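Structural overview
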Amino acid sequence: MAIKIVNNMGVISIDNDIIENLAAITALECYGIAGLAAKDSGKAEILSEEDFDRAISLKFSGNSINIDIHVIVEYGAGIQSVGDNVIEAVKTKVGEYTGVKVVEVGVFIEGVAMD
C-alpha cells in the first residue's frame, strides 16, 4: 500500500518502504539507539539495513499515519530520553519529508546493547 497525496497538479504516491526507511534511518540517527529490532521475533538482535521493515509498523488513517518502531538502546542511555528523542525526530522528519501528518510514534524498547 502507498499513501497518495492529491493536489491541483496531480497525484503523489509514496510507497510504504520509503516511509519505513525514513523512519528507520531517523531513529538510528538519535542518541542512544544501538539499532533496530524485529517486531515479531521475540529476540533482541540488531537488524541489518535490508531488514529495517521488520522493525517498523505503519497504520494509515486518511492522510495521517501512526508509526511504531522497535529499537535496541545503548547501555547507559536514559531510556525515556532516548524514546522521547526518537518520537520527536521521526514525527518531524517523516512529516516534513512526506507532507503526511504523523499522529503518533510508538517506540518499543526490545533490548539493551552492552557493547
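Residues numbered from 1 in each chain as written. Predicted model: local features only at pLDDT ≥ 70, side-chain atom pairs only at ≥ 80, totals over all residues. Heavy atoms only, no water.

1. Focus on helix 2 (residues 79-98)
Over its 20 residues, helix 2 runs 28 Å from end to end, which matches the ideal 28 Å to within 8%, given 1.5 Å per residue. When we look at burial in helix 2, the residues that qualify are Val82, Gly83, Val86, Val90, Val94, Gly95 and Thr98. One side of helix 2 holds all its buried residues, which, seen down the axis, span an arc of 165 degrees. Helix 2 presents Gln80, Glu88 and Glu96 as exposed residues on the side facing more than 90 degrees away from its buried surface. Summarising the contacts, the buried residues of helix 2 are in contact with strand 1 (2-7), strand 2 (10-15), helix 1 (16-28), strand 3 (33-36), strand 5 (64-74) and strand 6 (101-113). (Helix = DSSP H or I, 4+ residues; strand = E, 2+ residues; numbered from the N terminus. Expected span 1.5 Å × (residues − 1). Buried < 20%, exposed > 50% of the residue type's maximum accessible area, 1.4 Å probe, protein only. Arc of directions from axis to C-beta. Contact = heavy atoms within 4.5 Å.)

2. Regarding a nonpolar patch on the surface
Together, Tyr75, Ile79, Ile109, Val112 and Met114 make up a nonpolar patch on the protein surface, roughly 520 Å² of accessible area in all. With respect to the secondary-structure elements, Ile79 resides in helix 2. (Patch = residues over 30% accessible without salt bridge, like charges linked within 9 Å, V, L, I, M, F, W, Y side chains within 5 Å. Areas by Shrake-Rupley, 256 points an atom, 1.4 Å probe, with all protein chains shown as cover. Salt bridge = Lys/Arg side-chain N within 4 Å of Asp/Glu carboxyl O.)

3. As for the nonpolar core
In terms of nonpolar packing, the biggest core is built from 29 residues, with Leu36, Ile56, Ile67, Ile69, Val86, Val90 and Val94 touching the most fellow members. Elements with a contribution of two residues or more to this core: helix 1, strand 3, strand 4 (56-61), strand 5, helix 2 and strand 6. With sequence-adjacent residues up to four places away left out, Ile67 is seen in contact with Ala23, Ile56, Ser57, Leu58, Val90, Val94, Val102, Glu104, Val105 and Gly106. (Core = buried A, V, L, I, M, F, W, Y, C linked by side-chain atoms within 4.5 Å.)

Nothing here speaks to function; it is geometry throughout.
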